[in-house]
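# Coordinate analysis (summary)
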Amino acid sequence: MASQRQWTREEHILTLSLYFQLPFGKLHRSTPEVVELAALIGRSVNSVALRLVNYAACDPYILATGRHGMASGAQQCMPYWNEFYSQKEKLFYEAERIKAKLKGSVLEDSLSSSQKAEISKLTGSTREQLIRVRVNQNMFRTIILTNYQKKCAITGIDVPDLLVASHIVPWADNKDERLNPANGICLSALYDRAFDKGLIAIDPNDYTIMLSKELLEHSNSEYFNVYFASIERKSIIKPIEYIPNPKFLQYHIDNIFSNHN
């Protein structure tokens, strides 16, 4: 009887990357992303799904909610979990590099047209660093849109081209939390801009929308009644898995929203 094929480091990296992109309820064989990864690495969908739930057994977030993954086999996953859990930027970049190699393409092919145009003007380490940043920003977008079922948390708009993966604590302000799904919220473009500029905020106590005093000064205008009056103290649509961290929401209020009050 032939010995079972061992999982390689590259396969573990790809599967762990996918684990962080999917909600717990999607770690199964019928999820399209699981089917796609299985085909890419030449494994059965059952094998990939099992490895995903092995990673769930390593995840303190899942365990803290009273759920559990598949502990049998988790010991093979734990070294990769320990290596990459606090280095997701490294993980996602490496996973996309491996994926490009297996597809016979280059990493830049995963970027949008505008991102490709942006990096085409650069060379050397500056180019590589920007590619790394864009790969991770794209991954963050995937994670956040999936977490919110591709719907704006304020309006429910579900047209992906109109949605933005908004950071609560800005990308530049906290390197360690850049790719934390609890540091993101899915918003349509108008509300992303308003949130980014501190004209609106989310109350960390009840997850309702707050309007700044600066914005309230326009309460007599027609656009205010159409776009803002209706959302004041409205509860956001909750995500599937990672609800915004109250500490991050308070940071946004103290450091960005407060500038407009």
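Here goes a summary of the coordinates provided. All values reported here derive from a predicted model rather than from experimental measurement.

## Focus on the packing of aromatic side chains
Evaluated as defined, the whole model comprises nine aromatic pairs. Between Y19 and Y55, the aromatic rings sit 6.5 Å apart at their centres with planes inclined by 40°, giving tilted as the arrangement. One end of the pair, Y19, is in helix 1 (residues 9-21); the other, Y55, is in helix 3 (residues 45-56), with 36 residues separating them in the sequence. In terms of burial, Y19 and Y55 fall into one category: buried. Between F224 and F228, the ring centres sit 6.2 Å apart and the planes meet at 35°, which makes this aromatic pair tilted. The buried category is assigned to F228, whose relative accessible area is 6%.

## Thoughts on the packing of helix 1 against helix 2 (residues 32-41)
In the contact formed by helix 1 and helix 2, the axes pass within 11 Å of each other and the chain directions differ by 170°. Between helix 1 and helix 2, the angle is such that the two are roughly antiparallel. Contacts from E11, L14, T15 and L18 of helix 1 reach helix 2 at E33, V34, L37 and I41. A class-by-class count of the residues in the contact of helix 1 with helix 2 yields five nonpolar, one polar and two charged.

## Comments concerning the layout of surface pockets
There is about 870 Å³ of room inside the largest pocket. Looking at the largest pocket, it is lined by 31 residues, and the ones nearest its centre are Q21, E33, K99, M139 and T142. If you list the elements that add at least two residues to the lining of the largest pocket, you get helix 1, helix 2, helix 6 (88-103) and helix 8 (124-147). At seven residues, the largest contribution of residues to the lining of the largest pocket is made by helix 8. Of the residues contributing to the lining of the largest pocket, the split by class is 13 nonpolar, 10 polar and eight charged. Estimated volume of the second largest pocket: approximately 620 Å³. If you trace the second largest pocket, you find 24 residues lining it, with Y85, K88, D176, L179 and N180 closest to the centre. Of all the secondary structure elements, the ones that give two or more residues to the lining of the second largest pocket are helix 6 and helix 8. The class makeup of the residues in the lining of the second largest pocket is 10 nonpolar, four polar and 10 charged.

## Side note on the state of the cysteines
Scanning the entire structure with this criterion turns up zero disulfides. Not engaged in a disulfide, the cysteine C152 finds its nearest cysteine sulfur in C186; these two sulfurs lie 6.4 Å apart. With a relative accessible area of 0%, C186 lands in the buried category.

Procedures and definitions
- Residues numbered from 1 in each chain as written.
- Predicted model: local features only at pLDDT ≥ 70, side-chain atom pairs only at ≥ 80, totals over all residues.
- Heavy atoms only, no water.
- Phe/Tyr/Trp six-rings, centres within 6.5 Å; stacked < 30°, edge-to-face > 60°.
- Helix = DSSP H or I, 4+ residues; strand = E, 2+ residues; numbered from the N terminus.
- Buried < 20%, exposed > 50% of the residue type's maximum accessible area, 1.4 Å probe, protein only.
- Axes fitted to C-alpha atoms, helices over the stretch in contact; angles between N-to-C directions.
- Parallel < 35°, antiparallel > 145°, perpendicular 65-115°, else oblique.
- Contact = heavy atoms within 4.5 Å.
- Nonpolar A, V, L, I, M, F, W, Y, C, P; charged D, E, K, R; others polar.
- 1 Å grid on protein atoms, 1.4 Å probe; cavity = no way out; pocket = protein on both sides within 12 Å on 5 of 7 lines; lining within 4 Å.
- Points joined across faces, edges and corners; volume = space filled by probe spheres on them.
- Disulfide = S-S within 2.5 Å.

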